[in-house]
Amino acid sequence: MSKLLKINKGVDEGTKALLEYLLEKDKVEGVITLKTINANQGICYSLITKPEELKDAVPLIPYMPNNEGKLLSRLTLREPLADPIAVVARPCELRAFIELVKRNQGSLKNYLFISHTCPGVYPLETNVNGSLEKKISQYWNKTKNTELIQDTRPACKSCIHFIPDNADIIVSLIGEADLDNNCNIFLSTNKGEEFAAGIEGEIGEKELESKEINLMQNKREEERKKLFEETNIETKGIEGLIEYFGKCIGCHGCSNVCPICYCNLCFFDSQPNETQPSWSESDLDRKGALRLPSGTIFYHLGRLAHISISCIGCGMCTDVCPVNIPISTIFSKVGESVQKAFDYSPGMDVEEPVPFGIYKEEEFTEIGEQ
Amino acid sequence: MNKNFTPKIIYFMCNWCGTGGAESASAHHLYYPENVLPYRVNCTGSLSTVLILRAFIDGADGVIISGCHPGDCHYEDGNFRERKRVATIKSIIESLGLEEDRIWFRYVAHGEGKRFVDTTTEFNDYIKKIGPNPLKERSDT
């Protein structure tokens, strides 16, 4: 059972009221949330310190311009925050941040995490072609009725970790029939309770895992299975790899937006990986033709080797791909099997070390015997 | 099985036990297949996953990695580090429907010249049996 705070406003207004309360009462020094700029033309994350700046905030808009985990890590890369900051983040963004903290790329100290049961986000292009605004009313209707929203990101439709386990405060969205007038906020940690103490609203107790959540879990799992079957990369072998990644133009956008790809200089952009003329020569002798830029499959396999253990499946990579490669589906699929092999679930527990930090004699003994 | 197929095999060996094994083999005048190309690395723990992948992309038919026996590593856990990386690569390659058995990881100690020769011969025969790496002739990678 968790503490439940009921605010008699719609979820959007209720969340904003919570943020305003935190800022006005000086409980936090700042708030990081999504905000519209330039009269709704752009939506971006902002760090807000003045309560009046919150008027343009849209904390629950179904849109993810960046994975916030990466932004949070950049803020605390050198040293932890001195004063508390409240952060509105989606579950996958929190998981990404926790993965980064485990890799010494940030600190959890003084962050107050406000999250929600996540119905998903629309692809970035919806804000470019102006269809985002039209989609929002159906988004909330489907969320009320615990339905899958088919035009959200494929990664969102098939996401099975839509409950934010690490958040201090959880705004309940999925299956809340009355979310236009009622905002149910779970205060799942003591820290969350402390910060929200004194806000106007009813306090009660309720279980977060409702039957609607379970229903959604089942629907997402089905969708995930379907998506993996459609991509079907494991039965196609090398042909499948070339079919999917053959379109790649080598912009490296997927690694730039990936929250887990945190290296300042990527190996694939670095000097040891610059192609030398002599390499093409020996390749040509053997193959008779050479794809340019070369090394596409190498790049994607290499990225898999680096991040699949920590892939949290946010879907940013697919979203930015200019040639529509289903990267996140393939990475989630491969990630799932790698994570299973290492018995590891990324972004769940900050105390659980990344497998590539501890090495024991008794693990994977079957590999040396081959 | 193609009789004319000579596989290209990359043998990553660590500076200590792996290379020592090869030295012992030469001291005993043992022969290993000529198509096995030995590459010395300081420790198998320093061998990155992408270099193993690169070997395949650049035309190797198989890769063997050999380091010190468990507990013998000169840097304490280098061989365990590499073992974990090999486990990752195998898991990735397998879930993409490719052949994970083109990578072998074996411990060869300094004095085990015979084991070095056995490993290379065994692996060479195995790769000959499963045929060439399909990636190496592809021009569209």
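Residues numbered from 1 in each chain as written. Chains lettered and ligands numbered in written order. Predicted model: local features only at pLDDT ≥ 70, side-chain atom pairs only at ≥ 80, totals over all residues. Heavy atoms only, no water.

**Overview of the overall build of chain B**
- On a plain count of helices and strands, chain B comes out with four helices and four strands.
- Its helices and strands taken in sequence order, chain B reads β-α-β-α-β-α-β-α from the N to the C terminus.
- In summary, chain B has a C-alpha radius of gyration of 15 Å against a globular reference of 14 Å for 141 residues, a match within 12%.
- Its C-alpha atoms put chain B at 40 × 30 × 20 Å along the principal axes.
- The proportion of buried residues among the 141 residues of chain B is 59%.
- In chain B, the share of contacts with a sequence separation of at least 24, taken over all contacts with a separation of at least 6, comes to 79%.
- Carbon and sulfur atoms make up 51% of the accessible area of chain B, which amounts to about 5900 Å² in all.
- Counting 17 positive and 18 negative side-chain charges, chain B places the averaged centre of each group 1 Å from the other. (Helix = DSSP H or I, 4+ residues; strand = E, 2+ residues; numbered from the N terminus. Rg over C-alpha atoms; globule rule 2.2 N^0.38 Å. Buried < 20%, exposed > 50% of the residue type's maximum accessible area, 1.4 Å probe, protein only. Contact = heavy atoms within 4.5 Å. Areas by Shrake-Rupley, 256 points an atom, 1.4 Å probe, with all protein chains shown as cover. Lys, Arg positive; Asp, Glu negative; His and termini not counted. Charge placed at Lys NZ, Arg CZ, Asp CG, Glu CD.)

**Concerning the nonpolar core**
- Ranked by internal contacts, the top residues of the largest apolar core, which has 132 residues, are Ile114(A), Ile185(A), Ile65(B) and Leu96(B).
- The contacts of Ile185(A), once residues within four sequence positions are left out, are Lys3(A), Leu4(A), Leu5(A), Ile7(A), Leu18(A), Ile169(A), Ile170(A) and Val171(A).
- In this structure, Met13(B), Val36(B), Val108(B) and Ile127(B) belong to the second largest nonpolar core, which totals 13 residues. (Core = buried A, V, L, I, M, F, W, Y, C linked by side-chain atoms within 4.5 Å.)

**Points about the interface of chain B and chain A**
- Tallying the contact residues gives 37 residues for chain B and 46 residues for chain A.
- Taken over both partners, the interface formed by chain B and chain A buries close to 4000 Å², and the fraction arising from carbon and sulfur atoms is 64%.
- Along the contact surface separating chain B from chain A lie two salt bridges.
- Where Arg138(B) meets Glu239(A), a salt bridge forms, and the shortest distance between an N and an O atom there is 2.5 Å.
- Looking at the side of chain B that touches chain A, the elements that each hand over two or more residues are α2 (49–57), α3 (78–95) and β4 (103–107) of chain B. (Buried area = accessible area lost by both parts, 1.4 Å probe. Salt bridge = Lys/Arg side-chain N within 4 Å of Asp/Glu carboxyl O.)

**A few points about unusual backbone geometry**
All names here are of chain A.
- Cis rather than trans, the peptide bond between Leu292 and Pro293 has omega equal to -5°.
- The residue Asn324 is not glycine, and still its phi comes out positive at about 55°.
- With respect to the helices and strands, the residue Asn324 is situated in the loop between α13 (316–320) and α14 (327–341).
- If you check the backbone angles, Asp343 has positive phi at about 50° while not being a glycine.
- On the secondary structure map, Asp343 appears in the loop between α14 and α15 (365–368).

**Remarks on the sheet that holds strand β8 (residues 202–206) of chain A**
All names here are of chain A.
- Strand order in this open sheet of eight strands is β3-β2-β4-β5-β6-β7-β1-β8, and the pairing throughout is mixed. The sheet is open, and its two edges are formed by β3 (42–48) and β8, each paired on a single side. In this sheet, adjacent strand axes meet at a mean angle of 30° when their direction is disregarded. (Pairing = 2+ DSSP bridges. Axes fitted to C-alpha atoms, helices over the stretch in contact; angles between N-to-C directions.)

**Remarks on the environment of Phe123(B)**
Residues and elements named next belong to chain B.
- Topologically, Phe123 is positioned in helix α4 (residues 113–130).
- A C-alpha to C-alpha distance of 8.2 Å links Phe123 and Gly62, two positions 61 residues apart in sequence.
- Those residues in contact with Phe123 that sit more than four places away from it in its chain are Ile9, Gly62, Val63, Ile64, Asp101, Arg102 and Trp104.

**Examining the pattern of salt bridges**
Residues and elements named next belong to chain B.
- In total, this model carries 26 salt bridges over all chains according to the counting rule given.
- Among the salt bridges present, the one from Glu112 reaches Arg115, with a minimum N-O distance of 3.7 Å.
- Owing to a relative accessible area of 27%, Glu112 belongs among the partly exposed residues under this scheme.
- For Arg115, a relative accessible area of 29% translates into the label partly exposed.

**Some remarks on the domain arrangement of chain A**
All names here are of chain A.
- For chain A, the domain assignment lists domain 1 (2–224) and domain 2 (230–368).
- Between domain 1 and domain 2, the C-alpha centre-to-centre distance is 29 Å.
- Contact residues are listed per partner, giving 26 residues for domain 1 and 29 residues for domain 2.
- Around 2300 Å² of area is buried between domain 1 and domain 2 when both sides are counted, 55% of it from carbon and sulfur atoms.
- Taken together, the links from domain 1 to domain 2 amount to two salt bridges.
- Inspection of the region where domain 1 meets domain 2 yields 16 residue pairs in polar contact (both at pLDDT 80 or more).
- Of all the secondary structure elements, the ones that give two or more residues to the side of domain 1 that touches domain 2 are α2 (68–75) and α3 (91–102).
- No other element matches the eight residues that α3 contributes to the side of domain 1 that touches domain 2. (Domains from an automatic or database assignment. Polar contact = N/O pair within 3.5 Å; in protein donor to acceptor, adjacent residues only side chain to side chain.)

**Topic: the packing of aromatic side chains**
Residue and element names in this part refer to chain A.
- Counted by the stated rule, this structure contains 17 aromatic pairs over all chains.
- Between the aromatic rings of Phe268 and Tyr299, the centroid separation amounts to 5.3 Å while the plane-to-plane angle is 85°, which identifies the pairing as edge-to-face. In this pair, Phe268 is assigned in the loop between α10 (253–257) and α11 (277–287) and Tyr299 in helix α12 (residues 296–307), connecting sequence segments 31 residues apart. Tyr299 matches Phe268 in its accessibility class, with the two residues each being buried. (Phe/Tyr/Trp six-rings, centres within 6.5 Å; stacked < 30°, edge-to-face > 60°.)

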